[in-house]
Amino acid sequence: MAEQVNQRIEGMINELEQMKRTNLYDDVEIKEISRKRKEFEYRIQRRLKEKDDFVQYIAFELTLLEDISLRRRQAKLTEKRKDIEYSIAKRLNKVFKQFVYRYQNDVAIYFEYIKFCQSVGFDFAVSAILGQMLQIHGDKPKMWQMASKWESKEQNNLENARNFLLKGIHRHPDSEILYWDLFEIELMIAFKAENEEEKEKYLKRAEVVWRSGMKNIPDVNYLFKLCDLSMKYGIDDATTNSIKEEIWNKRTEKNVWAYIANKELEGFHWAEIEEFATEQFNYPQEVNNYIAVYEKALKLFPDETLCTKYIHGLLGIKDSLCSELQKISTVKHAWNYGHENGLLTSEMYAFGISMLKLEDEIAKDELTEILDQAITKNPQYRQLWEEKILLNKSDEKKMLSLLQEAGKSLNSEDSLALWNFMFDIIDSNVVFKACFEKFRTCDNAILLSLKPKLLRKMYEHHGLKATRQIYEEFIRTPPTQVELHKVMIEIEMSQDKPTLKNVRKCYEAFVQHHGTNNIKVWMDYMDFEQTNGSAANVPAVHRRAIGVLEKKFVDDFIKAQMLSKLK
């Protein structure tokens, strides 16, 4: 191994000498380059090689090439490129070959090799690399597609690209991507044909391709992509019409209707839809056709997903096709159609209700009716209950009744969110008090989560005295949240003249409930006494903390206390 490494190092001597002669690198830098290369050579020649050995060697040489290029530009040097850069590129090519041979199953290495060849102008080697890759990875259709794309995009060689795809299809007769790409290649060749006779020949080849694919690929999405490609090139109406006819013949699938409707918006018309596209709206013809196709489809396939696509498609109409007012009108029309036929999802109901409220064109009774229908269909959707509670904000009994009714259908997380929502929108003290009484009957999870918010709301609506009473009630029925005590302390400290007795009472409750495993509770208590209370009380609180905290927290508490003193 040592002899082989030395031979390879000797082969680098000339380029190192040229680097020195051209003053690209000094003696110290050249010595370091030589040392690093020798180290890398030993690593890739040893018996137990690792992928990272090759990766680091290649990365080093590529970085060196970039640095040489930069130094040349700075020094305005052009000579000896063949002796330096070309020599490095040749050696790197050999390292890549060794790398690929060693790790043939790693597809990424082949493409890194191809990128390298492109960067140094070794384009002639790429076809051979692709051939080698396909010998190993020909079982993957994507590899044939990539080889074809290289020939068509990088080499501009459509015939070679076509041959790769034909071989790939021979091996993978049910691969959509290979048929699509071959069909596109045939269209591109036809597009570049010099006369009509040649063009006709290539178009016939394209027809053979897509019809052959149909025999092996039953998925209608295969035809959609073919149709898109044919429309994109637009060189032969006969080909496009043939594919459109096949798509229409598969109209027993609901996706066909969605596809045709979207194409109508793009200006590609299906004559077959004219038999039911009779109702005319005050919109452009493309939009009228879109609406007609979708509403016919929804009669055949009453499906929520299809109705959602119908509405989304109208939301995405291009500004060049219709005005903003027309767009809003079409969306309202589609939403109403879905509502009347029971085809709206809970999300679409929420969207539509927001839209109607924004337009401010709907009466309360009508909105109530819509919400009732939506909730009957989707009782687990919290946003609908929120809308209904908001609609009855002024009716305390109705709000509470709705809250109770919603609790039967919603999970605990959504029930909690609904309680939060209701407390946020309450303005009246009377309503708040009634809601609070109702809140007492909730399950423990909701009670525990809402206690801090209720303290704040109680303070906003009924003042400090009522808040202290509720706090007393809460701490008598543990467990309590850390946040609950913090909120009460914050309220007490926010007074113009805080009553230290009441603040201490909160801290005492705090440490009673959370003092065994929460260091910060004690730190905050001592900080309060030091800053706002009586500094003489701090040692007593410190001793209590050491006595109450679990043993595993005591050391951390002492450290935290020492650090706070240093600060």
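Presented here is an overview of the structure given in this document. Predicted model, so just to flag it, every value in this text is computed and none were measured.

Re the overall build of the protein chain
- A count of helical and extended segments in the protein chain gives 29 helices and zero strands.
- Computed over the C-alpha atoms, the radius of gyration of the protein chain is 38 Å, more than 25% above the 24 Å expected from 2.2 N^0.38 for a compact globule of 567 residues.
- Among the 567 residues that make up the protein chain, the fraction classed as buried is 46%.
- Considering only contacts within the protein chain whose residues lie at least 6 apart along the sequence, 59% involve residues at least 24 apart.
- If you sum the accessible surface of the protein chain, you get close to 30300 Å²; carbon and sulfur atoms cover 49% of it.
- Side-chain charges of the protein chain comprise 85 positive and 90 negative groups, with the mean position of each set lying 7 Å from the other.

Remarks on the packing of helix 10 (residues 176–191) against helix 11 (residues 196–216)
- Two numbers describe how helix 10 lies on helix 11: the axes approach to 8 Å, and their chain directions differ by 170°. Judged on the interaxial angle alone, helix 11 and helix 10 are roughly antiparallel. Together, Tyr179, Leu182, Phe183, Glu186, Leu187, Ile189 and Ala190 of helix 10 and Lys199, Tyr202, Leu203, Arg205, Ala206, Val209, Trp210, Ser212, Gly213 and Asn216 of helix 11 make up the contact between the two elements.
- Across the contact of helix 10 with helix 11, the residue classes break down as 11 nonpolar, three polar and three charged.

Considerations on helix 14 (residues 254–265)
- Here helix 14 is 12 residues long and its end C-alpha atoms lie 18 Å apart, about the 16 Å a rise of 1.5 Å per residue gives.
- Most of helix 14 is tucked away, with nine of its 12 residues classed as buried.
- Taken together, the buried positions of helix 14 are Val256, Trp257, Ala258, Tyr259, Ile260, Ala261, Lys263, Glu264 and Leu265.
- Where helix 14 is buried, its residues contact helix 12 (220–233), helix 13 (237–249), helix 15 (285–300) and helix 16 (304–315).
- Downstream of helix 14 by one or two residues, Gly267 has phi in the positive range, about 95°.

Some words on the packing of aromatic side chains
- All told, the structure shown has 20 aromatic pairs when counted by the stated rule.
- Taken together, the aromatic side chains of Tyr86, Phe96, Tyr113, Phe116 and Phe122 make up a single cluster linked through ring pairs.
- Across from the ring centre of Tyr103, 5.7 Å away, lies the NZ or CZ of Lys51, which sits over that ring.
- Between the NZ or CZ atom of Lys244 and the centre of the ring of Trp270, over which it lies, the distance is 4.8 Å.

Describing the environment of Ala128
- Turning to its location among the elements, Ala128 is positioned in helix 7 (residues 126–137).
- Along the backbone, Ala128 and Gly316 are 188 residues apart, and their C-alpha atoms lie at a distance of 46 Å.

Concerning the pattern of salt bridges
- On inspection of all chains with the given rule, the structure shows 38 salt bridges.
- Between Asp67 and Arg71 there is a salt bridge; the shortest N-O distance is 3.0 Å. Here Arg71 and Asp67 lie together in helix 4 (residues 51–75), a separation of four residues that amounts to about one turn.
- For Asp67, a relative accessible area of 24% puts it in the partly exposed group.
- A salt bridge links Glu112 to Lys115; the shortest N-O distance between them is 3.3 Å. Taken as a pair, Glu112 and Lys115 lie in helix 6 (residues 107–120) at a separation of three residues, close to a single helical turn.

A short note on helix 12
- Taking 1.5 Å as the rise per residue, helix 12 with 14 residues should run 20 Å; its terminal C-alpha atoms sit 21 Å apart, in good agreement.
- A large share of helix 12 lies buried, amounting to 10 of its 14 residues.
- Taken together, the buried positions of helix 12 are occupied by Val220, Tyr222, Leu223, Phe224, Leu226, Cys227, Leu229, Ser230, Met231 and Tyr233.
- Buried residues belonging to helix 12 abut helix 10, helix 11, helix 13 and helix 14.
- If you check the start of helix 12, you find a side-chain oxygen 3.1 Å away from the backbone N of Asn221, and it comes from Asp219.
- Looking one or two residues beyond helix 12, the residue adopting positive phi is Gly234, at roughly 55°.

Considerations on the packing of helix 2 (residues 13–21) against helix 5 (residues 82–102)
- It is the contact of helix 2 with helix 5, at a shortest axis distance of 9 Å, that shows an interaxial angle of 150°. You can see that helix 2 and helix 5 cross each other, and the crossing is left-handed. Of the residues in helix 5, those touching helix 2 at Asn14, Glu15, Gln18 and Met19 are Asp83, Ile84, Ser87, Ile88 and Arg91.

Some details on unusual backbone geometry
- Look at Asn23: it is not a glycine, yet its phi comes out positive at around 65°.
- By the element assignment, Asn23 lies in the loop between helix 2 and helix 3 (27–45).
- With a relative accessible area of 67%, Asn23 lands in the exposed category.

Examining the nonpolar core
- By size, the foremost hydrophobic cluster in this structure holds 182 residues, and its most contacted members are Met19, Phe183, Ile247, Trp270, Tyr310, Ile389 and Met422.
- Setting aside residues up to four positions removed in sequence, Met422 forms contacts with Ile389, Met399, Leu400, Leu403 and Cys435.

Observations concerning the state of the cysteines
- Evaluation of the coordinates by the stated rule reveals zero disulfides.
- Between Cys307, a free cysteine, and Cys322, which holds the nearest cysteine sulfur, the sulfur-to-sulfur gap is 18 Å.

Examining a negative patch on the surface
- Among the surface-exposed residues, Glu245, Glu272, Glu274 and Glu275 lie close enough to one another that they form a single negatively charged patch.
- Note on placement: Glu272 falls in the loop between helix 14 and helix 15.

Cut-offs applied
- Residues numbered from 1 in each chain as written.
- Predicted model: local features only at pLDDT ≥ 70, side-chain atom pairs only at ≥ 80, totals over all residues.
- Heavy atoms only, no water.
- Helix = DSSP H or I, 4+ residues; strand = E, 2+ residues; numbered from the N terminus.
- Rg over C-alpha atoms; globule rule 2.2 N^0.38 Å.
- Buried < 20%, exposed > 50% of the residue type's maximum accessible area, 1.4 Å probe, protein only.
- Contact = heavy atoms within 4.5 Å.
- Areas by Shrake-Rupley, 256 points an atom, 1.4 Å probe, with all protein chains shown as cover.
- Lys, Arg positive; Asp, Glu negative; His and termini not counted.
- Charge placed at Lys NZ, Arg CZ, Asp CG, Glu CD.
- Axes fitted to C-alpha atoms, helices over the stretch in contact; angles between N-to-C directions.
- Parallel < 35°, antiparallel > 145°, perpendicular 65-115°, else oblique.
- Nonpolar A, V, L, I, M, F, W, Y, C, P; charged D, E, K, R; others polar.
- Expected span 1.5 Å × (residues − 1).
- Phe/Tyr/Trp six-rings, centres within 6.5 Å; stacked < 30°, edge-to-face > 60°.
- Lys NZ or Arg CZ within 6 Å of the ring centre and 35° of its normal.
- Salt bridge = Lys/Arg side-chain N within 4 Å of Asp/Glu carboxyl O.
- Polar contact = N/O pair within 3.5 Å; in protein donor to acceptor, adjacent residues only side chain to side chain.
- Left-handed = near helix turned anticlockwise from the far one by under 90°.
- Core = buried A, V, L, I, M, F, W, Y, C linked by side-chain atoms within 4.5 Å.
- Disulfide = S-S within 2.5 Å.
- Patch = residues over 30% accessible without salt bridge, like charges linked within 9 Å, V, L, I, M, F, W, Y side chains within 5 Å.

Read these as geometric descriptors, not functional statements.
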